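Results of the structural survey
This is what each chain is made of:
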Amino acid sequence: MSEVRVRFPPSPTGYLHIGGARTALLNWLYAKKTGGKLILRIEDTDEERSTSASIDGILDGLSWLGLDWDEGPYFQSSFADDHCRAAQKLIETGHAYKCFCSKEELEAKRDAAMAAKQDVKYDGTCRNLSGEEIAAREKAGIPAVIRFKVEKKDGVVGYDDRVLGRIERRYDDIEDFVIVRSNGKPLYLLCNVVDDIRDRISHVIRGQDHMTNTTRQVLLYEALGAPVPVFAHMPLTLDLQKRKISKRSHGEIVAVQFYRERGFIPWALCNFLVLLGWNPGDDREIFSREELIEAFSLERIGKTNSIFNYRKDDPKFFTDPKAIAINAHYLRTLPIVEIGALVKKHFQTQGLWHDDYDGPRREWFLATLELIRDRFHTINDFAEAGRAYFADDYALDPQPLAKNVLKHPELREWLPGLAERFAALKLFDKEHTETATRGMAEELAIKPGILINAMRTVLTGQLAGPGLFDVLVALGREKVVARLRDIDRLFGGI
RNA sequence: GUCCCCAUCGUCUAGUCAGGUCCAGGACACCGGCCUUUCACGCCGGCAACACCGGUUCAAAUCCGGUUGGGGACGCCA
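Since we're looking at a predicted model, the values are computed, not measured.

Rules behind the numbers
- Counting of residues starts from 1 at the beginning of each chain's written sequence and follows it residue by residue.
- Chains carry letters from A onward and ligands carry numbers from 1 onward, assigned in written order.
- pLDDT decides what is reported in this predicted model: residues at 70 or higher carry local features, side-chain atom pairs at 80 or more are listed and counted, and totals for whole chains, interfaces and linings draw on all residues regardless.
- Calculated side-chain values reflect all of the structure's heavy atoms, with hydrogen atoms and water omitted.
- Helix and strand assignments follow DSSP, with helices taken as H or I runs no shorter than four residues and strands as E runs no shorter than two, numbered in order from the N terminus.
- Each radius of gyration is computed over the set of C-alpha atoms, and the globule rule expresses the reference value as 2.2 Å times the number of residues to the power 0.38.
- Burial status follows relative accessibility: with a 1.4 Å probe on protein chains alone, a residue under 20% of its type maximum counts as buried, one over 50% as exposed, and anything between as partly exposed.
- Whether two residues are in contact is decided by their heavy atoms, any of which lying within 4.5 Å being enough.
- The Shrake-Rupley method, run with a 1.4 Å probe, gives the accessible areas here. Residue values count only the displayed protein chains as cover.
- The charged-residue count follows a simple rule in which Lys and Arg add positive charge and Asp and Glu add negative charge, with His and chain termini not counted at all.
- Taken as the charge centre is NZ of Lys, CZ of Arg, CG of Asp or CD of Glu, depending on the residue.
- Residue types Ala, Val, Leu, Ile, Met, Phe, Trp, Tyr and Cys, when buried and joined through side-chain atoms within 4.5 Å, form a set referred to as a nonpolar core.
- For the domains described, the bounds stem from an automatic or database domain assignment.
- The term buried area denotes the loss of accessible surface (1.4 Å probe radius) that occurs when two parts are joined, taken as the sum for both partners.
- Salt-bridge detection follows one rule: a side-chain nitrogen of Lys or Arg within 4 Å of a carboxyl oxygen of Asp or Glu.
- Exposure above 30% relative accessible area and the absence of a salt bridge qualify a residue for a patch, where like charges join within 9 Å and nonpolar side chains (Val, Leu, Ile, Met, Phe, Trp, Tyr) within 5 Å.
- Only Phe, Tyr and Trp rings take part, Trp by its six-membered ring, and two of them pair if their centres are within 6.5 Å. Stacked means planes under 30 degrees apart, edge-to-face means over 60, and tilted covers everything else.
- Counting as a charge over the ring demands two things of the Lys NZ or Arg CZ atom: a distance within 6 Å of the ring centre and an angle within 35 degrees of the ring normal.
- Being paired, for any two strands, means DSSP has found at least two bridges between them.
- When the strands point away from the viewer, a crossover counts as right-handed if the path from the first strand over the helix to the second runs clockwise.
- For every element, the axis is a line fit to its C-alpha atoms; helices are fit only across the contacting stretch, and the angle between N-to-C directions ranges from 0 to 180 degrees.
- A cutoff of 4 Å decides nearness: a residue is near a molecule or strand if any of its heavy atoms lies inside that distance of it.
- Identification of polar contacts relies on pairs of N or O atoms within 3.5 Å, with a donor-acceptor requirement for protein atoms, meaning one able to donate a hydrogen and the other able to accept it, and with residues adjacent in sequence counted only if both atoms are side-chain atoms.

What about the overall build of chain A?
Within chain A, the secondary structure is distributed over 21 helices and 12 strands. Relative to the compact-globule value of 23 Å for 494 residues, chain A shows a C-alpha radius of gyration of 31 Å, a clear excess of over 25%. By its C-alpha atoms, chain A is 110 × 50 × 40 Å across when sized along the principal axes. Across the 494 residues of chain A, 48% fall into the buried class. For chain A, long-range pairs separated by at least 24 residues make up 75% of all intrachain contacts whose partners lie at least 6 apart in sequence. When the accessible area of chain A is evaluated, it comes to approximately 24,200 Å², of which 50% is carbon and sulfur surface. Each charge sign in chain A was given a centre, from 70 positive and 74 negative side chains, and these centres are 2 Å apart.

Right, here's the structure in full:
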């Protein structure tokens, strides 16, 4: 068995979206699994829509996801000569011909056929022009495209799909498709095959939306005298209305970049994406890289399209709930130093980072992340719901403020009083702060919960959080005392 | 209209190739309970699906046929 070589060939016409990321991921996994190579090739032959910003975005997205490649990025546009030579060869060997039908004519015919609910295949007008007829048209300066000449014969062309099984299509059902534009630029169908041959691609893993391309491309491989690679068509990812997910209709929610901005852990996103249309055959759903590579196989890719369960404007879930759940799982189970590294990056962009956190305060920093991470869903939560641990400009959630603080005006006395007790404590630790708090509640003949819940809200801005006395220790005496003394500011507005 | 693919809980899916161990298993979400000064985590429990109709068989989610439904493709886009 020769070397496995797979490729990811994005067209740089937008950002990397999760469908593309999923394709890249599966190719990457197969390469890793087999010890093969992943080739990255930018398919930029549509010069009008290709942008360099898009190329950067795709490369950034892949890097962020941790999907590395072994060769490339190659640029399809730099192999234009190969593509043209292949087209020329196809004409010379009788596998292709020039077609002088105008775009307008063809469009008119196609529209008419569609309207009449007829088949819309090319009618073969130029298929059998004589040498003289061709010469005459060329002399007259009529622009021509090059079409592939599909053999007129009974039978089928087919391939053995590693996911779907044997796929066949009758020659009769395949029209003479265009492989070179009238401006001389070869089209995707041809370029893609020529590049895959040159790059010695052994397995083509791509979406089911390419299935009709594949049968035509098999014809090209054969005409070009090249071995046909193994194909594996993966199911598509659809939205709740069962439409293909796309930037145009779904916006940022399908962009890898969006998940990066919202505080996703890169591998968590990969883990979620691989489960859309693949499973290991047992009940596992969480995989380390190594585990996933070990478990992966093309045969376990499903045949059924899956739905990306995202509801626009859902107040509770900003994306597919399962994606969030997987991310949250990683957030609370990854080694805390890994979380620390991710939080550091985010804090740096938020102006919350202090170099101390990598130095003398490192232990405190990591312990605090450990304390609060259990109820967070994304890395961004550390700077939002967790802000009070790292800065003084944290927001107070109005709901708990009303419920836990403003409801008890006596807290204007109690909390500063408690602050003084804390200030006087020999040791500011869990045990002593708890004793002081409960002691005061007893003296006041109130439930300790009143003081505890009030403190949680005042000190963290939140309704809920870790055990309060852990919070006190994490914040440290200085901040706790200052925030409790300053209680009046909260009542100022009433 | 033509061609191709697909069809199990709301969603992701196991089971289908080698029919019985499946009155269908897991996960997410949802609902209830335990734990807890709060919330979350964790644990326990619940709700919830074999698209339909025929056929084959002692036996069908599983095999066969049809119907319906969904998706994809039908560009001088990739």
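Following the structure, the description resumes.
What about the nonpolar core?
F347, F365, F382 and F422 are the most contacted members of the largest nonpolar core, which has 113 residues in total. With 9 residues, the single largest contributor to this core is helix α1 (residues 18–34). Domain assignment of the residues forming this core places at least three in each of domain 1 (339–387) and domain 2 (396–494). Once you skip the residues sitting within four places of it in the chain, F422 turns out to touch F428, T433, A436, T437, M455, L472, R477, V480, V481 and L484. Within the second largest apolar cluster, 30 residues are counted, among which are I167, I179, V180 and V218.

Some thoughts on the domain arrangement of chain A
The domain boundaries assigned to chain A delineate domain 1 (339–387) and domain 2 (396–494). Each of domain 1 and domain 2 has a C-alpha centre, and the two are 23 Å apart. Considering only the side of domain 1, the residues that lose the most area to domain 2 are L371, R375 and A385, jointly responsible for 74% of the buried surface there. Connecting domain 1 to domain 2 are 0 salt bridges.

Side note on a negative patch on the surface
Taken together, the side chains of E104, E105, E107 and D111 present a region of like negative charge at the surface. Structurally, D111 can be placed in helix α4 (residues 103–115).

Digging into the packing of aromatic side chains
By the definition in use, this model includes 24 aromatic pairs. Judged by centre distance (6.2 Å) and plane angle (70°), the ring pair of Y357 and F390 falls under edge-to-face. Residue Y357 is found in the loop between α13 (336–350) and α14 (362–372), and its partner F390 is found in the loop between α14 and α15 (398–406); the two are separated by 33 residues along the sequence. Across the pair, exposure class does not vary: Y357 and F390 are buried alike. Members of the aromatic cluster, each reached through a chain of ring pairs, are F347, W353, Y357, W364, F365, Y389 and F390. The lysine or arginine in question, R216, covers the ring of F177, its NZ or CZ lying 5.4 Å from the ring centre. Across the ring face of W364, the terminal group of R361 is positioned such that the distance to the ring centre comes to 4.1 Å.

Here's the deal with the pairing of strand β2 (residues 37–42)
The buried fraction of β2 amounts to 5 of the 6 residues, a majority that puts the element mostly inside the structure. Judged from the 4 bridges that link them, strand β1 (residues 5–8) and β2 form a sheet pairing that is parallel. Note on β2: the bridge partner recorded for R7 is I39. After leaving β1, the chain enters α1 and then returns to the sheet as β2, a path that is right-handed. Bridge count between β2 and strand β3 (residues 71–75): 3 bridges; the pairing is parallel. Within β3, the residue paired with I42 across the bridge is F75.

What about the pairing of strand β10 (residues 230–234)?
Counting buried residues in β10 gives 4 out of 5 residues, a clear majority hidden from the surface. In terms of handedness, the path from strand β9 (residues 203–207) via helix α7 (residues 211–223) over to β10 forms a crossover that is right-handed.

Some remarks on the sheet that holds β1
Strand pairing in a sheet relies on backbone hydrogen bonds. The paired strands run either parallel or antiparallel. On the basis of which strands lie adjacent, the open sheet formed by 3 strands has the order β1-β2-β3 and parallel pairing. Sheet topology places β1 and β3 at the edges, where each strand pairs with a single neighbour. Going from strand to strand, the sheet's axes swing by 25° on average, the running direction of each strand aside.

Points about the sheet that holds strand β8 (residues 178–180)
Here we have 3 strands laid out as an open sheet, ordered β4-β5-β8, and antiparallel in their pairing. Single-partner strands in this sheet number two, and they are β4 (96–99) and β8. With strand direction ignored, the average angle separating the axes of adjacent strands in the sheet is 45°. With 4 bridges joining them, β4 and strand β5 (residues 145–148) adopt antiparallel strand pairing. Residue A96 lies in a different strand from β5, and its bridge partner there is F148.

Notes on the protein's contact with RNA strand B
Contacts to RNA strand B come from 68 residues, most closely from D46, T212, E285, K316 and R375. When the atoms of RNA strand B within 4 Å of the protein are grouped by moiety, sugar and phosphate amount to 73% of the total. Within the side chain of T45, a nitrogen or oxygen atom sits 3.0 Å from a phosphate oxygen of RNA strand B. Separating a sugar or linking oxygen of RNA strand B from a backbone N or O atom of D374 is a distance of 3.1 Å.

Here we look at the environment of E252
Mapping E252 onto the fold places it in the loop between α8 (247–250) and α9 (256–261). Residues E252 and H17, 235 residues apart in the sequence, show an inter-C-alpha distance of 8.7 Å. Apart from the residues lying within four places of it in its own chain, the contact partners of E252 are Y15 and F258.

What to know about the side chain of D381
The topology assignment puts D381 in the loop between α14 and α15. Comment: no salt bridge for buried D381; closest opposite-charge side chain is R262, at 7.6 Å. A distance of 2.7 Å separates a polar atom in the side chain of D381 from the backbone nitrogen of H377. Look past the residues within four positions of D381 in its chain and what remains in contact with it is F376 and G386.

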